[in-house]
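# Descriptive structure summary
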2 protein chains.
Amino acid sequence: MSDGAYRGENLLFLTDEQLRQGIEAMFFAYRGFTADPDRILGDMAYGRAHHRAIHFINRAPGTTVNNLLLILGVTKQSLNRVLRTLIADGLVESTVGKSDKRERHLHLTEEGKQLEQTLSDAQRARMRAAFRDAGPDAVAGFRTVLEAMMDPEMRRAYTRLKESGQ
Amino acid sequence: MSDGAYRGENLLFLTDEQLRQGIEAMFFAYRGFTADPDRILGDMAYGRAHHRAIHFINRAPGTTVNNLLLILGVTKQSLNRVLRTLIADGLVESTVGKSDKRERHLHLTEEGKQLEQTLSDAQRARMRAAFRDAGPDAVAGFRTVLEAMMDPEMRRAYTRLKESGQ
DNA sequence: GTTGGAATGTCAACAACACTGACGTATGCT
DNA sequence: AGCATACGTCAGTGTTGTTGACATTCCAAC
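Quick look at the structure, then.

The rules behind the values
Residues numbered from 1 in each chain as written. Chains lettered and ligands numbered in written order. Predicted model: local features only at pLDDT ≥ 70, side-chain atom pairs only at ≥ 80, totals over all residues. Axes fitted to C-alpha atoms, helices over the stretch in contact; angles between N-to-C directions. Helix = DSSP H or I, 4+ residues; strand = E, 2+ residues; numbered from the N terminus. Parallel < 35°, antiparallel > 145°, perpendicular 65-115°, else oblique. Left-handed = near helix turned anticlockwise from the far one by under 90°. Contact = placed C-beta atoms within 7 Å. Nonpolar A, V, L, I, M, F, W, Y, C, P; charged D, E, K, R; others polar. Near = placed C-beta within 6 Å.

### Some words on the packing of helix 2 (residues 16-43) of chain A against helix 6 (residues 110-134) of chain A
All names here are of chain A.
- The geometry of helix 2 relative to helix 6 is characterised by a closest axis approach of 9 Å and an angle of 150° between their N-to-C directions. Comparing the axis directions of helix 2 and helix 6 gives the class roughly antiparallel. In this structure, helix 2 crosses over helix 6, and the sense of that crossing is right-handed. In contact with Gly32, Asp36, Pro37 and Ile40 of helix 2, helix 6 contributes Thr118, Leu119, Ala122, Gln123 and Arg126.

Given below as C-alpha cells:
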C-alpha cells in the first residue's frame, strides 16, 4: 500500500470540510453552553464575566486576584470591575493576605455560593444531558479534542484545576 | 446486581466533578479556538463579530440578511453595524433580491474572500493540529457531544450547513 | 535604614459589541 | 386597500474588554 493511499484512507477526518464542521460545531455548541446561565444572569445586573469569576473563586477558594487573572485571561482592570460589584453586593469576600499584604484572597459568601449553585446547576443540566446522550466514549473524545485545542498555558491551568478537584 | 450498583458502575462520567471538568474544558478550549483569528483581527479595525459574518457569508453565498440573523443569533441592529462596515470597506456585496426585492443577498468580494481565507487558515490550523493529536475516534466523540449540547434550533441550522457542504 | 524597583490591586476613561425601542421605506400578499 | 415582511437606521443603555495613571506593599541593593 502506498503512503498516499494509506493517508487518504485514514486522514479523511482532517479534510478542510471536516475542520470547518468542527469549527461550526464549536460555535453553535458554545452558544448552547452559555445560554442557560446567561438567561439567569440577564435577570440580575450581572453578566458572563461575573459567572466566570464566581465559578473559579468557588473552585479555588482563597485564590488571589492575580491567580484568577491568569486563569480568566483578562486584564486586572477588567476583572476588578466585576469583583468590585460582587464584593459590594456581598457575594464575594476579599481579605488581605496574611504573609503578603499586597495580595487579596477571595472567597464566596453564603449568598455567593447560592448563586454559584444556581448557575452551575443550569449549566451542568445541559452538560449532563449532552454527556448522557453521547455516551462515555464520546465524552472521552470530546475532552481529548478540547484539551488539544487549548493554548499550552491554559492546558496547564486546566490540568492543575482538574487534579486539585480529584 | 442492584440498580444502584449498576448505575454506579456505568455512569461515573456523569458525576458533578466530571461535568465541571467538561465545563472548564469548554471554557479554556473556546479561548484557544478564537485566539488566532482574534490576533489577526485585532490588527485591523475588525472584531470577532466581523469574522462570524464573513465566515457564514462565505459558507452560504447569496444568503439573506434575515437568514444570517437566525444563524448568528443577534439582533439586526447589531448585525447591521458589522455589515455596514464590511460593505463600506468592499469586503461584502449586498444585492437586491431577484424574485423578492425586499431581500438582500450577501456575497464576499475577492478582497472579502481573501480575508476569509486568512482567518480560516489560522483557525483551521489549530483545529487540524488538535484533531490530528486526538485521532479520528476522539474527533467523532467531540462532534457528538457538541451536537448534543446545541439548542435544537441551532442543531438544525448546523445540520443544514453540514449537509449543504457535503 | 533608606531607597528604588517590582508586584499587587484600584480608579478613570474609552472602544467594541451586544441589547431594546421606535420609526421609515420598499415590497409582497390577500 | 390594508396588513405583513424584509431591511435599514437613530437613539439610548449595559456588559466587558482595553490602556493609562496611581497607591500600597514587599524586597533587595546600597
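That was the structure; now back to the text.
### Here's the deal with the interface of chain B and chain A
- With 52 residues of chain B at the interface, the matching set in chain A holds 53 residues.
- Looking at the side of chain B that touches chain A, the elements that each hand over two or more residues are helix 2 (16-43), helix 6 (110-134), helix 7 (136-149) and helix 8 (152-165) of chain B.
- Of all the elements, helix 2 of chain B adds the most residues to the side of chain B that touches chain A, at 17 residues.
- Classifying every residue of the side of chain B that touches chain A by side-chain character gives 28 nonpolar, 9 polar and 15 charged.

### Describing the protein's contact with DNA strand C
- Every one of the 24 residues lining DNA strand C counts as a neighbour, but Val65 and Asn66 of chain A together with Gly47, Ala49 and Thr75 of chain B are closest to it.
- Residue assignment for the surface near DNA strand C shows that the elements contributing at least two residues are helix 4 (65-72) and helix 5 (76-88) of chain A together with helix 3 (48-59) and helix 5 (76-88) of chain B.
- Counting residues per element, the surface near DNA strand C draws most heavily on helix 5 of chain A, at 5 residues.
- In the surface near DNA strand C, the residues fall into 6 nonpolar, 9 polar and 9 charged.

### Section: the packing of helix 2 of chain A against helix 2 of chain B
- For the pair helix 2 of chain A and helix 2 of chain B, interaxial distance at closest approach is 11 Å and the crossing angle is 140°. The angle between helix 2 of chain A and helix 2 of chain B falls in the class oblique. The interaxial crossing formed by helix 2 of chain A with helix 2 of chain B has left-handed handedness. Taken together, the residues of helix 2 of chain B that come into contact with helix 2 of chain A (itself represented by Met26, Tyr30 and Phe33 of chain A) are Met26, Tyr30 and Phe33 of chain B.

### Details of the protein's contact with DNA strand D
- Near DNA strand D lie 25 residues; those nearest to it are Gly47, Gln77, Ser78 and Lys101 of chain A together with Asn66 of chain B.
- Counting residues per element, the ones that place at least two in the surface near DNA strand D are helix 3 (48-59) and helix 5 of chain A together with helix 4 (65-72) and helix 5 of chain B.
- Classifying every residue of the surface near DNA strand D by side-chain character gives 5 nonpolar, 10 polar and 10 charged.

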